[in-house]
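Chain residues, written in single-letter form:
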Amino acid sequence: MSSTGTTDHGATGPRGAGHGRETADRLLRAATRSGAHLIAEAASLVQGWAVLADPIAGAVYSTPAAAAADGVHAAAAPLEHPHCTQRPAAGAVLVLAPAPTVPPGHACHVATTTAALLEVRGQRAAELRGEQMRLHTTLIRLLLAGHTAAVTETLGGKRLTHVTVYRLSGPDLPTAHEVLWRAVRPSIAPHADACTLIGRPDGELVVAELHHGGDDGRILRLVSRLSERHHLLAGMAGPLPLAEMATAHSDAAAARHSATPDCRIVPADAVGTSRLTPLLPAAPYARWAESVLRPLSPAHQHLLLVWLRTGSKPRAAAALALSAGTVRARIRELSRLLGADLEDATVQAYLLLALRAPAPDPGLDDAGADADADLSLSSRLSRSGGSSSNNGNGNCPAGPARLEALPDDLLGTEAVRSWAVGLVGGLEPHLRIALACWLRHHARTAPAATELHVHRTTLAGWLTQCADHLARNLADATVRAEVHLALKATRNGPDDPTCLPRRGGRTYRRL
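Residues numbered from 1 in each chain as written. Predicted model: local features only at pLDDT ≥ 70, side-chain atom pairs only at ≥ 80, totals over all residues. Heavy atoms only, no water.

A. Structural context of the overall build of the protein. Check the secondary structure of the protein and you find 21 helices and 9 strands. Across the 511 residues that make up the protein, the buried fraction comes to 47%. Of the roughly 24000 Å² of accessible surface on the protein, a fraction of 53% belongs to carbon and sulfur atoms. (Helix = DSSP H or I, 4+ residues; strand = E, 2+ residues; numbered from the N terminus. Buried < 20%, exposed > 50% of the residue type's maximum accessible area, 1.4 Å probe, protein only. Areas by Shrake-Rupley, 256 points an atom, 1.4 Å probe, with all protein chains shown as cover.)

And the structure:
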């Protein structure tokens, strides 16, 4: 840190030591009230402005408010602001800009005393922080258990109706927790119809912002800065009604699995954002999805969506706060309800399409219904319990829609073919075959390499080339599902490992 003026603390002003004691008394009285009053008193004593700047939160306190930006800039680049007096204080930087008529010794005395009092306030807050953090974690657990009324009564916020949830993971969560705590300065008493809870209920950092309908983006900015500074990955979900806290919690975990070092915080509504679904004909798409998902409750659909977004049952279990065995058992039961093998990669891709489908339009006109006659018949037969046999032309049987096959006019349109060619067109034959095999094995390199009869390192290199060609993040399970569908839509022959072009040598041994 840099500072201007003399370091002779004896020269405290024109009235000497008595004036120094008076200055210290004024600052001490202000410190007993609040940090904001302390900063305001310091600004008054130097007849200029004062800012407490935090590297994550920006300006914590500022007097006047218009000086906040100048204080943050001065703390970030002290050499460019030689007229300012700066001191480290409680994990932040105190910046004073005294008036030209104020003696340098007096400005240094005010800065040093204010910084010392901020440290004392910080130590006192640290003594209480442990209990407050445990209280916040308990309140988060109560929200997840559905005790929303008890939590809102504890917080005293009758207008707290919605919640936005952030879930963060990384190498140094305890430090990140303390930094975010200092930056947010959470309080149990709601401020401006908003209250922020910060806790680590299961070894991860959870931030729940309770508010009325929408938030002002402050917590999002703080979480973004924290993620960049401490190399964390974060998922965000909401705003959702407070009663849906558990849904927001699991959606945030699903979104976090799509975060990367290039995009450290991912909103849940951006996970699985599809370039394919807008191209599908709306009416048959919605009706097919409605027919397919009819046996499932909303809770079933949410479990499947989290599973497909996270890409594995253990990750889905962590997101849903369930055991992996419970998730496996429920998925087996849902497989029975849907009458489909949910372990099949194509079925999973179709299921993800169904789960992301728009709601059917009840006002669909007769012309649209006639264009989708086959699917409409399927829906009617499903409701009446009837059935129909295959018509012999290779189409799906008329009857309840099934996941194993889509209506012919769903993925067979020119728009979908153009999208598929644009996505996977130009892949070299060996890359296409390797990618298709890897996707069939649910992104597991070892079994795919075994089937391809290549070394795992070779396959990993090919997958890197595929990701570069596709310009997609293949670590995202929803991206993999769409690539799988694009490969099926553009397949001219079987993407069979036996068709893999071979070269001599140990790495590419012949079958």
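That shown, we press on.
B. Structural context of the pattern of salt bridges. Under the counting rule described, the total for this entry stands at 10 salt bridges. In this structure, Arg417 engages Glu414 in a salt bridge whose closest nitrogen and oxygen atoms are separated by 3.0 Å. Here the residue Arg417 and the residue Glu414 both occupy positions in helix α17 (residues 414-424), the gap between them amounting to 3 residues, near one helical turn. Relative accessible area serves as the criterion here: at 37%, Arg417 is assigned to the partly exposed category. By relative accessible area, Glu414 is classed as exposed at 51%. Where Arg440 meets Glu451, a salt bridge forms, and the shortest distance between an N and an O atom there is 3.8 Å. Highlighted residues: Arg440 in helix α18 (residues 429-440) and Glu451 in helix α19 (residues 445-452), separated in sequence by 11 residues. For Arg440, a relative accessible area of 34% gives the class partly exposed. (Salt bridge = Lys/Arg side-chain N within 4 Å of Asp/Glu carboxyl O.)

C. Up close: the sheet that holds strand β6 (residues 194-199). Read across the open sheet, the 5 strands follow the order β6-β7-β5-β8-β9; overall the sheet is mixed. Two strands bound the open sheet, and with one partner strand each, they are β6 and β9 (265-267). The sheet shows a mean angle of 15 degrees between the axes of neighbouring strands, taken without regard to direction. When strand β5 (residues 162-169) meets strand β7 (residues 205-211), the two strands line up antiparallel, connected through 7 bridges. Opposite Val165, over in β7, you have Ala208 as the bridge partner. Packing of helix α6 (residues 173-184) onto the sheet brings it into contact with β5, β6 and β7, and relative to β6 it is tilted by some 160 degrees. (Pairing = 2+ DSSP bridges. Axes fitted to C-alpha atoms, helices over the stretch in contact; angles between N-to-C directions. Contact = heavy atoms within 4.5 Å.)

D. Structural detail: the nonpolar core. Core analysis: the largest hydrophobic core is formed by 70 residues, its most contacted members being Trp288, Leu342, Leu403, Leu435 and Val483. Leaving out residues up to four positions away in the same chain, Leu403 has contacts with Trp288, Val292, Leu338, Ala340, Leu342, Val347, Tyr350 and Leu351. One finds Leu38, Ala42, Leu205 and Ala234 within the second-largest nonpolar core, a separate group that totals 44 residues. (Core = buried A, V, L, I, M, F, W, Y, C linked by side-chain atoms within 4.5 Å.)

E. Layout of helix α20 (residues 456-470). With 15 residues, α20 should reach 21 Å at 1.5 Å per residue; the first-to-last C-alpha distance of 21 Å fits that figure. Buried-residue contacts for α20 involve α17, α18, α19 and α21 (477-489). Where α20 ends, the next residue or the one after it, Ala471, has phi of about 55 degrees, a positive value. (Expected span 1.5 Å × (residues − 1).)

F. Focus on the side chain of Thr114. Looking at the secondary structure, you find Thr114 in helix α4 (residues 104-144). For Thr114, a relative accessible area of 0% gives the class buried. Residues contacting Thr114, with those up to four places away along its chain left out, are Leu27, Leu38, Ile39, Ala42 and Leu94.

G. Examining the pairing of strand β1 (residues 49-54) more closely. The element β1 is largely enclosed, with a buried count of 6 among its 6 residues. Neither face of β1 is exposed, since Trp49, Val51 and Ala53 on one face and Ala50, Leu52 and Asp54 on the opposite face are all buried. As paired elements, β1 and strand β4 (residues 92-97) share 5 bridges and run antiparallel to each other. Opposite Ala53, over in β4, you have Val93 as the bridge partner. Across 5 bridges, β1 lies against strand β2 (residues 58-63) in antiparallel orientation. The partner of Ala50 across the bridge, within β2, is Thr63.

H. The packing of helix α10 (residues 298-310) against helix α13 (residues 345-355), seen in detail. The N-to-C vectors of α10 and α13 enclose an angle of 125 degrees; their axes lie 10 Å apart at closest approach. In terms of orientation, α10 and α13 fall into the oblique class. For the pair α10 and α13, the sense of crossing is left-handed. Residues Gln301, Leu304, Leu305, Trp307 and Leu308 of α10 form the contact with α13, whose participating residues are Gln348, Leu351, Leu352 and Leu355. When grouped by side-chain class, the residues that make up the contact of α10 with α13 number 7 nonpolar, 2 polar and no charged. (Parallel < 35°, antiparallel > 145°, perpendicular 65-115°, else oblique. Left-handed = near helix turned anticlockwise from the far one by under 90°. Nonpolar A, V, L, I, M, F, W, Y, C, P; charged D, E, K, R; others polar.)

I. Quick peek at the packing of α18 against α20. Here α18 crosses α20 at 100 degrees, and the two axes come no closer than 10 Å. When the interaxial angle is binned, α18 and α20 end up roughly perpendicular. Residue-level inspection shows His430, Leu431, Ala434, Leu435 and Trp438 of α18 in contact with α20, the latter providing Leu459, Trp462, Leu463, Gln465, Cys466 and Leu470. Here the contact of α18 with α20 is composed, by residue class, of 9 nonpolar, 2 polar and no charged.

J. Local environment of the pairing of β4. Summarising burial for β4: 6 of the 6 residues are buried, a large majority. Burial along β4 is two-sided: Ala92, Leu94 and Leu96 facing one way and Val93, Val95 and Ala97 facing the other are all buried. Taken together, the 5 bridges between strand β3 (residues 85-89) and β4 define a ladder with antiparallel strand orientation. The residue bridging Gln86 from the neighbouring strand is Val95, located in β4.

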